[in-house]
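# Coordinates in review
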Amino acid sequence: MPKFIFVTGGVVSSLGKGITAASVARLLKSHGLSINIVKCDPYINVDAGTMAPLQHGEVFVTDDGAETDLDLGYYERFLNINTCRNNNITAGKIYQSVISKEREGKYLGQTVQVIPHITNEIKNRFLQASKGYDITIIEIGGTVGDIESLPFLEAARQMRPDRNHNDTIYIHVTLIPYLSSSDELKTKPTQHSVNKLREIGIDPDIIVCRTEKTISREIKNKIALFCSVPQEAVIEAPNAPSIYHVPDILKKQGIDEQIMMLLRLRSKKWDYEEWESYVNKLEQSSNWPSVKIAIAGKYTQLKDSYKSLVEAISQAGIANSVNIDFSFLDVQNKNFYTDIKKVAGIVVPGGFGDRGIEDKINTVKFARENNVPFLGICLGMQCAVIEFARNVLDLKKANSTEFNQKTPHKVVDIMEEQKTIKEKGGTMRLGAYPCALKSYTLARKIYGKNIIKERHRHRYEFNPKYMKACLKKGLIVSGIHKKMNLPEIVELKNHPWFIAVQFHPEFKSRPLSSHPLFDSFIAAAKGAEKTQKT
Ligand code: GLN
C-alpha cells in the first residue's frame, strides 16, 4: 500500500513548508525509500503561468512543459529528480476537470458538489501520484483557516479513514513567535492553528515549529500537551544557515525515524554522504573569496522572482569555491549604470514586456564592449541579439516584435505557430527541447556533449534569417533546435565569456550536480574579479 505524508501550514504563510516537505523527502530518500512529492495550490489559476513573478515568485518549468509553483524547484533540487505536471495540483485544474466531466455527462443525474466530486477528483490525483512509490509527500499550499484550501484539506483528511490508519500521516508546520517586550516564545498561535486543523478533522502526528529562538523543554511539553502529540514529535525548526541545512536539523531530532515508525516502514539503507559533504562545503564557504554577480532585471524587489537562477549561480559558486555576492540591479534605477561597473559578471535574466528593455540592451552592450563575463537567459539572449544587430550589424532599428511590431529588422520574432494563438495560458514554447551543439564552440566545450536538453518558456525566437550576418561579424549560433531550425545559444567570438541562451538552464541546476554553463560562467567571473583586483 502506498503511504502518504500530508504537510500543512499554520499561523502565517512563508514558513518554509516547501523546504520542510523537501527536507523530509531528502531524508526518507536517503533511507532508500522511493519518494514522490506533490504541491497543491489552492488558487483558481489552472497553473502558475499567468501570474506575475512579483506576486508569487518565479514560475518553475518542468521537462514536460508545466508552468508550476516554485516549490517544485525545491523538490527537484533536494531530491535530484525531474518533476512533471502531475507534481503540481491547483484548484483551477481540479475544477476545470470536474466541470468538463459534468458537461460530458459523466455525473448525469447528480448534483455536482465540493464533497464528494471535487474531493474525489483531488484524491484520485493523490493516488495517481503515489503509483510506484513507497511514500508520496503532499504539501498543501496556503494556511489552515483559509477558505481556498478547505477542499484540499478535506481530501487529505479522507485519505486516512479511506485506507489503513498507518498509511497516512500529517505534519503541521507552524510558527512560535518571539515577543521581545516580554522575552517570551508564544505557543498560542500554534494551539489555535492545530485546533483549526482538528475542526477539519485532521489530527497532526508531528508539529514542526518555526522559531527564531531555541524552544525550551517546557515549551515543547506545552505544545505536545495542547496538540496531543508525543514530546519528541514537536520538532524545532530554527532559522538555518542555509535551506540545505534543514534536513540535518530535522534528522537530529529524529523526524525520519518517527515517520517510518508511524508509517510502519523500515530503513533500507542510509545514504547521506553526498548531501552531508555539500552542506560541509557550504559551511566552509564563509572563508572563500567572493565574486560580485549582477542580475540586471526588473523583478529585483522580490528575490523569489529569480529563485532558480540565484540557486544555480550559488551552486556554481560552491563548485568554484567562491561566495557569490549578488547585486540585484533594477535596470531602471538611477544608479544602475554606476553599479553595473562594479561587478565581475552580468546576467540578464528572462522577462516579459518592454519596460526596461532599452536598459537591458545597453547592459549587454556594456558587457560586450568591456569584456565582462555575460550570461543572457531567454529575454537576455533576445536582448543580446538586438544589441548585436543594432551596434555591430548597424541595423539601428533592429528589435523584437514583442516590443515593436513595425520594426524593419525583426531580429527576434514570434514563431509562425504562435501567431494564431489567442489564449495566454500554457501556450508558450514550454518544456524541454533538444538542442544540437556546434563543434569547436565554447558551448560545446562547456557541456562536453553534442546534444543537450534544456527547458523553455517563451513565445519569441532569434529570427534564423539573421544567423549568417551575425556569424560573419562574430556572433556564433552554437546551439540549434534542428527540427524547427531555431537558434538556441549564441556566443561572441572575440570575448572572454559571452553566452546567451534561449532556454532556462537554471531549472536544471542542483546542489548535487551544479550546471556546467553556470559553473563555467562563475569560473570566468572569478578570473575577471582577479584581473580587476590586480
Ligand atoms: N518575453 C520573451 C518571449 O516571450 C522572453 C521570455 C522569457 O524570458 N522567459 O519570448
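Here the structure is shown first, and the text comes after it.
Below is a summary of the structure that appears in this document. (Residues numbered from 1 in each chain as written. Predicted model: local features only at pLDDT ≥ 70, side-chain atom pairs only at ≥ 80, totals over all residues. Heavy atoms only, no water.)

The subject of this paragraph is the environment of His481. If you trace the backbone, His481 turns up in strand E21 (residues 475–481). The buried category is assigned to His481, whose relative accessible area is 5%. Expressed as a C-alpha distance, the spacing of His481 and Lys453, which sit 28 residues apart in the sequence, is 9.7 Å. Leave out the neighbours within four places in its chain, and His481 touches Arg429, Tyr433, Pro434, Leu486 and Glu488. (Helix = DSSP H or I, 4+ residues; strand = E, 2+ residues; numbered from the N terminus. Buried < 20%, exposed > 50% of the residue type's maximum accessible area, 1.4 Å probe, protein only. Contact = heavy atoms within 4.5 Å.)

It is worth spelling out the sheet that holds strand E15 (residues 374–377) at this point. If you walk across this open sheet you meet the 9 strands as E13-E12-E14-E15-E23-E22-E21-E18-E19, and the pairing is mixed. Single-partner strands in this sheet number two, and they are strand E13 (323–330) and strand E19 (451–458). Mean inter-strand twist for the sheet, computed between neighbouring axes without regard to direction, equals 25°. Inspection of the sheet shows strand E14 (residues 345–348) paired to E15 by 3 bridges, in the parallel sense. Within E15, the position partnered with Val347 by the bridge is Leu375. Where helix H12 (residues 307–319) meets the sheet, it contacts strand E12 (290–297), E13, E14 and E15, and its direction lies at approximately 150° from that of E13. (Pairing = 2+ DSSP bridges. Axes fitted to C-alpha atoms, helices over the stretch in contact; angles between N-to-C directions.)

Under the counting rule described, the total for this entry stands at 13 aromatic pairs. The interplanar angle of 90° and the centroid separation of 5.6 Å between the aromatic rings of Tyr244 and Tyr278 together place this pair among those described as edge-to-face. Of the two residues, Tyr244 is situated in the loop between strand E11 (234–238) and helix H9 (246–252) and Tyr278 in helix H11 (residues 273–284); the sequence distance between them amounts to 34 residues. The class for Tyr244 is buried, based on a relative accessible area of 4%. (Phe/Tyr/Trp six-rings, centres within 6.5 Å; stacked < 30°, edge-to-face > 60°.)

The environment of the ligand is made up of Gly350, Gly351, Phe352, Cys378, Leu379, Gln382, Glu402, Arg457, His458, Arg459, Tyr460 and His504. With respect to the ligand, the backbone of Tyr460 contributes an N or O atom lying 2.8 Å from an oxygen atom. Here His504 contributes a side-chain N or O atom positioned 3.2 Å from a nitrogen atom of the ligand. Considering the ligand on its own, with 300 Å² of exposed area, one finds that the protein chains cover 98% of that surface. Elements represented by at least two residues in the shell around the ligand include exactly helix H15 (379–391) and E19. Grouping the amino acids of the shell around the ligand by side-chain chemistry returns 4 nonpolar, 5 polar and 3 charged. (Near = heavy atom within 4 Å. Polar contact = N/O pair within 3.5 Å; in protein donor to acceptor, adjacent residues only side chain to side chain. Areas by Shrake-Rupley, 256 points an atom, 1.4 Å probe, with all protein chains shown as cover. Nonpolar A, V, L, I, M, F, W, Y, C, P; charged D, E, K, R; others polar.)

With that settled, consider H12. When the terminal C-alpha atoms of H12 are compared, their 18 Å separation across 13 residues agrees well with the 18 Å that a helix rising 1.5 Å per residue should span. Judged by how many residues are buried, H12 sits mostly within the fold: 11 of 13 residues are covered. When H12 is considered as a whole, its buried residues turn out to be Lys307, Ser308, Leu309, Val310, Glu311, Ala312, Ile313, Gln315, Ala316, Gly317 and Ile318. Phi turns positive, to about 55°, at Ser321, one or two residues after H12. (Expected span 1.5 Å × (residues − 1).)

Our next topic: the nonpolar core. Judged by nonpolar contacts, the single largest core of 59 residues is most densely connected at Ile5, Val24, Leu28, Ile137, Ile255 and Ile259. Here this core gets 7 residues from one element, more than from any other, and that element is helix H1 (residues 17–30). Excluding its chain neighbours within four sequence positions, the residues that come into contact with Ile259 are Ile5, Val24, Leu28, Ile169, Ile171 and Ile206. Counting residues in hydrophobic clusters, the runner-up holds 40 residues, among them Val364, Phe366, Ile386 and Val412. (Core = buried A, V, L, I, M, F, W, Y, C linked by side-chain atoms within 4.5 Å.)

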